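Close look at the chain arrangement
Below are the chains, spelled out letter by letter.
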Number of protein chains: 2
Amino acid sequence: MAPAETPAAAGVVAGEQPLGAGGALPHVVIVGCGFGGLSAARRLKRAAVRVTLIDRANHHLFQPLLYQVATGGLSGPAIAAPIRRVLRGQINATMLMADVCAIEPQAREVALRDGRRISYDYLVLATGATHSYFGNERWAVHAPGLKTLDDALEIRRRILLAFERAELEDDDERRRPWLTFVVIGGGPTGVELAGTLAEIARHTLRGEFRRFDPKQAKVLLLEGGERVLSAYPPDLSQRAAEQLRRLGVTLRTGALASDIDEYGVRVGDERIEARTVLWAAGVAASPLGRCLNVDTDRAGRVPVEPDLSVPGHPEIFVIGDLASVRSDGKPVPGVAPAAKQMGRVAADNIVARIGHQPTRPFRYRDYGSLATIGRAAAVAQVGGMKLWGLPAWLFWLFVHIFFLIGFRNRLVVLFDWAWAYWTFERSARIVADPHPRDSG
Amino acid sequence: MAPAETPAAAGVVAGEQPLGAGGALPHVVIVGCGFGGLSAARRLKRAAVRVTLIDRANHHLFQPLLYQVATGGLSGPAIAAPIRRVLRGQINATMLMADVCAIEPQAREVALRDGRRISYDYLVLATGATHSYFGNERWAVHAPGLKTLDDALEIRRRILLAFERAELEDDDERRRPWLTFVVIGGGPTGVELAGTLAEIARHTLRGEFRRFDPKQAKVLLLEGGERVLSAYPPDLSQRAAEQLRRLGVTLRTGALASDIDEYGVRVGDERIEARTVLWAAGVAASPLGRCLNVDTDRAGRVPVEPDLSVPGHPEIFVIGDLASVRSDGKPVPGVAPAAKQMGRVAADNIVARIGHQPTRPFRYRDYGSLATIGRAAAVAQVGGMKLWGLPAWLFWLFVHIFFLIGFRNRLVVLFDWAWAYWTFERSARIVADPHPRDSG
């Protein structure tokens with residue numbers, strides 16, 4: 001696919017040829033290779049288009065298991081699939097590993113951070129969301145969030161180092177902040193992290209330290225609202241809270257962090273000394289949504305037409321966590337199945353536009369909700385059925401492994417899980433640098 | 001093990017109590033948890049001593065497979081075992097994750113970088129070797145070496161990003177340096193890296209790029225001497241060179257790098273444009289050897305007595321790659337089996353000293369040499385027998401997996417290997433940051 005001549009387009013850097021210019025077939029550019037972007041790309045496999053996928057990373061990440069990497073239960077590669085491998089057989093797709101810094105809808109171009117530009121006929125924007133500190137960005141360094149593989153490895157490093165530091169301290173007073181873990185936010189990610197941290201302290205590390213008992217570790221889950229997992233029915237939130245307590249988590253609702261620094265968290269008038277603080281409280285949509293000349297919602301999401309295209313830009317589709325979309329009158333939740341479904345609809349609608357056919361509206365098909373809490377603990381709502389405890393957890397395990405990309409990864413994760421379940425071991429407890437920059 | 005009162009020792013930081021002071025049993029401090037240090041610690045399991053192990057990392061690394069992590073074939077955790085887990089059942093052993101910056105033989109203390117001090121009755125120094133740039137330390141940033149897990153992940157990042165960059169380039173001229181890989185040094189590590197790189201370009205990445213054929217990639221192995229694997233008999237070096245060529249490696253002997261920068265390597269009058277340069281040419285012993293007040297050899301190794309103790313310091317033992325030791329009149333090679341054997345002898349000799357018994361001299365038991373080259377390619381010398389090709393490779397595979405620490409890791413590595421062999425896939429091809437600092 002050699003670049004060919006193209007008419008000069010507004011905004012093109014002088015002397016630079018936009019990548020992807022020329023060629024006989026319409027050019028579809030997909031930015032972001034999460035569940036939405038990847039499903040759009042695959043759906044276009046047999047379409048008469050050229051597809052270019054752009055992502056900052058070279059891998060598709062199975063984000064629902066990211067907390068397992070952050071807590072040393074799985075290695076990074078176990079939940080990541082090289083995008084090139086996934087798309088190897090799809091000859092109409094080119095993958096570029098690059099950082100998109102702007103969209104220029106008038107010029108129909110995507111700008112990369114290295115100065116390159118890529119022109120498109122159709123654009124699918126699927127760059128998702130990242131964590132938000134609600135204007136307190138200086139908290140980021142003290143309380144990392146969990147969105148990328150690098151985030152997960154950083155959190156793993158902090159958790160493991162905290163226990164190592166505790167072993168180096170001589171007295172209990174100085175040891176306690178190293179053994180206090182605060183998770184801020186009682187949504188699915190916060191619940192997973194807190195439950196797994198408690199499991200690590202109570203089971204995984206048992207007998208491994210000589211100067212303190214890891215069971216002394218305190219795991220605090222702070223939720224600003226009235227209950228954890230607020231997207232679930234109240235009785236399942238209640239079940240989740242019970243399971244968290246049984247795992248050893250101290251749950252505090254109505255607790256809003258007012259300040260975070262290197263040494264702890266302030267909640268109202270109270271100061272909690274903790275060297276490890278994890279952020280699971282807020283998400284904000286990718287800043288690329290702001291390039292589209294439409295008013296984004298409070299979370300930065302782009303309101304789209306029923307067919308997922310951007311108002312005034314029928315050639316641009318926004319999908320996944322970046323899109324604000326309603327289905328049957330209800331807002332569509334920011335979950336993987338919704339993103340996948342949107343990817344397919346956006347792809348179909350691009351093909352429809354090319355063929356001058358009418359597009360179809362997106363309708364979310366809700367297969368249920370599932371949240372894991374820890375070892376043999378989860379809650380689930382499937383159709384009218386509510387599950388919790390071991391049955392919910394087994395269901396969760398089955399669903400997540402089933403949807404993991406790649407047969408090998410499924411086997412690896414299943415093996416690691418079975419191993420961890422019987423031995424309480426977490427196989428990826430690996431950390432190298434004893435002198436990190438941020439955590440003292 | 002609460003710290004108790006101890007007589008003030010020279011060099012102790014005012015007001016700081018050395019860790020490990022007091023206690024009725026002799027205190028053995030082991031610095032470094034590679035094959036030597038870990039085997040010494042385990043050998044002391046039933047001895048009437050207190051053992052403190054200190055390492056910069058929290059894991060023991062199975063270094064012979066590190067090149068597989070560097071080339072995306074295995075994940076880091078697959079070849080690393082948390083030291084605490086390995087020693088969980090050994091109640092006389094305490095593990096500290098810390099950075100030792102000095103040894104003070106007069107004070108019998110170990111100084112940590114954070115200011116803490118640890119007193120010892122017996123010391124085992126097992127901090128091994130790192131790569132040496134022969135005085136050209138500025139090459140380090142352009143040509144990373146392979147000793148730690150972090151090194152391996154950095155090399156993996158560079159290799160994967162080079163191919164990604166090649167896909168972004170428009171013309172062949174600018175693409176070529178990204179597709180040129182130079183490995184400097186034809187010892188076992190250099191041969192492994194070059195062979196595996198060629199395999200990646202020819203097989204693993206086949207069909208995954210749209211703007212170039214990964215087979216265009218050139219892998220150059222530069223060896224300063226006359227032949228690769230110079231520690232082996234000449235005919236096995238010859239076999240290794242043949243196998244490298246068959247895998248697609250361009251081997252150049254008598255080729256000494258005279259300069260390395262971000263864009264390539266100079267060899268004599270010739271300039272080789274290459275964005276990825278890997279260093280496998282030289283090792284230097286850990287700088288801690290210089291704290292012992294003895295003359296180290298040219299490579300920085302500590303010449304030890306036949307019982308592995310340091311001349312003038314019967315309470316200090318040096319083992320593994322840091323020790324310069326002869327057995328049966330021949331220098332002992334820097335290989336894992338030698339380090340393990342030394343660890344056991346040092347442990348036994350400490351027990352002998354405590355019991356006022358004579359120590360025993362170290363004798364190296366040579367089980368043979370093994371070097372892998374790539375897929376189904378290796379050379380081996382076992383007793384009088386020489387092997388190469390598939391038989392040598394199968395033997396290498398068996399030996400390495402057999403000696404991997406941990407049953408789970410053995411299964412994981414075996415599975416990944418079988419998978420990679422049949423599919424040519426490398427499961428850990430994961431990289432995130434498209435804008436690295438060092439490689440442009």
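Just so you know, the residues in each chain are numbered from 1, in the order the chain's sequence is written. Think of it this way: whatever chain is written first is A, whatever ligand is written first is 1, and the rest follow in order. With pLDDT at 70 or above as the cut-off, local features in this predicted model cover only qualifying residues; side-chain atom pairs require 80 or more to be listed or tallied, and sums for whole chains, interfaces and linings still use all residues. Excluding hydrogens and water, the side-chain values take into account all heavy atoms of the structure.

**Here we look at the overall build of chain A**
Along chain A, the regular secondary structure elements total 10 helices and 27 strands. Only C-alpha atoms enter the radius of gyration; for comparison, a globular chain is expected to reach 2.2 Å times N to the power 0.38, where N is the number of residues. Relative to its length of 440 residues, chain A is compact, with a C-alpha radius of gyration of 23 Å against a globular reference of 22 Å. Projected onto its principal axes, the C-alpha coordinates of chain A cover approximately 70 × 50 × 45 Å. Buried residues are those whose accessible area, probed at 1.4 Å on protein chains only, stays under 20% of the maximum for their type, while exposed residues exceed 50% and partly exposed ones sit between those limits. When the 440 residues of chain A are sorted by exposure, 58% land in the buried category. Summed over its atoms, the accessible surface of chain A is roughly 17,900 Å², and 53% of this surface lies on carbon and sulfur atoms. Numbering of helices and strands runs from the N terminus; a helix is a DSSP stretch of H or I covering at least four residues, while a strand is a stretch of E covering at least two. Calculation of accessible area relied on Shrake-Rupley with a 1.4 Å probe; when residues are assessed, cover is drawn exclusively from the protein chains displayed.

**Quick notes on the interface of chain A and chain B**
Size of an interface, as often reported, equals the accessible area lost when the parts are brought together. In what follows, residue pairs with any heavy atoms lying within 4.5 Å of each other are defined as contacts. At the junction of the two partners, chain A supplies 64 residues and chain B supplies 64 residues. Simply put, the buried area is the total loss of 1.4 Å probe accessible area from both parts when two parts are fitted together. Between chain A and chain B, a total of about 5,700 Å² is buried, with carbon and sulfur atoms accounting for 56% of that surface. The working definition used for a salt bridge is a side-chain nitrogen of Lys or Arg within 4 Å of a carboxyl oxygen of Asp or Glu. Here chain A is connected to chain B by seven salt bridges. With a closest N to O distance of 3.3 Å, Glu-169 of chain B and Arg-116 of chain A form a salt bridge. What qualifies as a polar contact is a pair of N or O atoms within 3.5 Å, subject to a donor-acceptor requirement within protein and to the restriction that residues adjacent in sequence count only when both atoms come from side chains. In this assembly, chain A and chain B are joined by 25 residue pairs in polar contact (both at pLDDT 80 or more). At the level of secondary structure, the elements contributing two or more residues to the side of chain A that touches chain B comprise strand 4 (80-82), helix 3 (83-86), strand 5 (93-97), helix 4 (149-168) and helix 10 (407-423) of chain A. Note on residue categories: nonpolar means Ala, Val, Leu, Ile, Met, Phe, Trp, Tyr, Cys or Pro, charged means Asp, Glu, Lys or Arg, and polar means any other residue, Gly included. A breakdown of the residues in the side of chain A that touches chain B according to their chemical character gives 30 nonpolar, 10 polar and 24 charged.

**Regarding the sheet that holds strand 20 (residues 309-310) of chain A**
All names here are of chain A. Strand order in the open sheet made by the six strands is 5-2-1-9-21-20, with mixed pairing throughout. The open sheet terminates on both sides in strands that have one partner only, identified here as strand 5 and strand 20. At least two bridges found by DSSP between two strands is the condition for calling them paired. Here strand 20 pairs with strand 21 (residues 313-318) via two bridges, running antiparallel. Counterpart to Val-310 in the pairing with strand 21 is His-313. For helices, the fitted line uses only the C-alpha atoms of the stretch in contact; every axis is such a line through C-alpha atoms, and the angle between N-to-C directions lies from 0 to 180 degrees. Sheet strands in contact with helix 8 (residues 336-354) are strand 1 (27-31), strand 9 (122-125), strand 20 and strand 21, and its direction is about 165 degrees off that of strand 21.

**Remarks on the confidence of the model for chain A**
Residue and element names in this part refer to chain A. Residue-level confidence of the predictor is what pLDDT reports, using numbers from 0 through 100. Scored by pLDDT, chain A has a mean of 90; 93% of the residues are at 70 or more. Across residues 1-17, confidence stays below pLDDT 50; counting only partners more than four residues off in sequence or on other chains, it has 27 contacts. Note on residues 435-440: pLDDT under 50 across the span, and 18 contacts to partners over four residues away in sequence or across chains. Quick note on the complex model: pTM equals 0.90, ipTM equals 0.88.

**Brief notes about the packing of aromatic side chains**
Residues and elements named next belong to chain A. Two rings belonging to Phe, Tyr or Trp (six-membered ring only in the last case) form a pair when the distance between their centres is within 6.5 Å. Interplanar angles under 30 degrees mark stacking, angles over 60 mark edge-to-face geometry, and anything in between is tilted. As enumerated under the stated definition, the model contains 22 aromatic pairs over all chains in all. Members of the aromatic cluster, connected to one another through ring pairs, are Tyr-133, Phe-134, Trp-139 and Trp-279. Charge-over-ring placement is defined geometrically: NZ (Lys) or CZ (Arg) within 6 Å of the ring centre, and within 35 degrees of the ring normal. Just above the ring of Trp-388 sits the side chain of Arg-239; from NZ or CZ to the centre is 3.8 Å. Positioned over the ring face of Tyr-421 is Arg-375, at 4.0 Å from the centre of the ring.

**As for the packing of helix 10 of chain A against helix 10 (residues 407-423) of chain B**
One way to put it is that helix 10 of chain A packs onto helix 10 of chain B with a least axis distance of 12 Å and a crossing angle of 170 degrees. The orientation of helix 10 of chain A with respect to helix 10 of chain B, classified from their angle, is roughly antiparallel. Contacts between helix 10 of chain A and helix 10 of chain B involve Phe-407, Arg-408, Leu-411, Val-412, Phe-415, Asp-416 and Trp-419 of chain A from the first element and Phe-407, Arg-408, Leu-411, Val-412, Phe-415, Asp-416 and Trp-419 of chain B from the second. Looking at the contact of helix 10 of chain A with helix 10 of chain B, its residues break down into 10 nonpolar, no polar and four charged. Roughly parallel refers to an angle under 35 degrees, roughly antiparallel to one over 145, roughly perpendicular to one between 65 and 115, and oblique to any angle outside these ranges.

**Overview of the pattern of salt bridges**
Tallying each qualifying case throughout the model produces 57 salt bridges over all chains. Among the salt bridges present, the one from Arg-157 of chain A reaches Glu-154 of chain A, with a minimum N-O distance of 3.0 Å. Of this pair, Arg-157 of chain A and Glu-154 of chain A both sit in helix 4, separated by three residues, roughly a single helical turn. The buried category is assigned to Arg-157 of chain A, whose relative accessible area is 15%. One network of salt bridges, in which partners are shared, links Asp-114 and Arg-116 of chain A together with Glu-169, Asp-171 and Arg-174 of chain B.

**What about helix 6 (residues 188-204) of chain B?**
One turn of the α-helix equals 3.6 residues, which is why residues spaced by three or four share an orientation. Expected span of a helix, by definition, is 1.5 Å for each gap between consecutive residues, and there is one gap fewer than residues. A rise of 1.5 Å per residue sets the reference length of helix 6 of chain B, with its 17 residues, at 24 Å; its end C-alpha atoms lie 22 Å apart and thus fit the reference within 8%. Taking burial as the measure, the 17 residues of helix 6 of chain B include 13 buried ones, the bulk of the element.

**Observations regarding the relation of the copies chain A and chain B**
Least-squares superposition of the copies uses the C-alpha atoms of those residues scoring a pLDDT of at least 70 in each of them. Of the transformation superimposing chain A on chain B, the axial component is 0.0 Å and the angular component is 180 degrees, with the fit at an RMSD of 0.0 Å. Seen this way, the second copy is the image of the first under a two-fold rotation axis. Closest approach to the rotation axis within chain A is made by the C-alpha atom of Ser-75 of chain A, at a distance of 3.3 Å. In this assembly the copies share their binding face: 100% of the residues contributing to the interface of chain A also contribute to that of chain B.

**Overview of unusual backbone geometry**
All names here are of chain B. A positive phi is found at Arg-108, a non-glycine position, where the angle reads about 55 degrees. Along the polypeptide, Arg-108 turns up in the loop between strand 6 (100-104) and strand 7 (109-112). Overall, Arg-108 belongs to the partly exposed group, its relative accessible area being 37%. One non-glycine residue, Leu-308, lies in the positive phi region at around 80 degrees. Locating Leu-308 in the fold gives a position in the loop between strand 19 (302-303) and strand 20 (309-310).

**Observations regarding the sheet that holds strand 27 (residues 385-388) of chain A**
Adjacent strands of a sheet pair through backbone hydrogen bonds, lying either parallel or antiparallel. All names here are of chain A. Spatially, three strands are ordered 25-26-27 in an open sheet, and the strand pairing comes out antiparallel. The strands lining the two open edges of the sheet, one partner per strand, are strand 25 (369-374) and strand 27. Geometrically, the sheet is characterised by an average inter-axis angle of 5 degrees between neighbouring strands, direction not taken into account. Alignment of strand 25 against strand 26 (residues 377-382), held across five bridges, turns out to be antiparallel. For Thr-372, the partnering residue across the bridge sits in strand 26 and is Ala-378.

**Observations concerning the environment of Gly-268 of chain A**
All names here are of chain A. Looking at the secondary structure, you find Gly-268 in the loop between strand 15 (264-267) and strand 16 (270-273). The class for Gly-268 is partly exposed, based on a relative accessible area of 45%. It is 7.2 Å that separates the C-alpha atoms of Gly-268 and Ala-257, two residues lying 11 residues apart in sequence. Apart from residues lying up to four places away in sequence, Gly-268 is in contact with Leu-256 and Ser-258.

**Focus on the pairing of strand 7 of chain B**
Residue and element names in this part refer to chain B. Residue alternation in strand 7 divides its side chains into two sets, Glu-109 and Ala-111 and Val-110 and Leu-112, and both sets are buried. Where strand 6 lies against strand 7, four bridges are found, and the strand directions are antiparallel. Counted as the bridge partner of Ala-102 is Ala-111 from strand 7. Summarising the sheet, strand 7 and strand 8 (residues 117-119) pair through three bridges and their orientation is antiparallel. Its bridge partner being in strand 8, Glu-109 is matched across the sheet by Ser-119. Between the antiparallel neighbours strand 7 and strand 8 lie four residues, among them Gly-115 with a positive phi of about 100 degrees.

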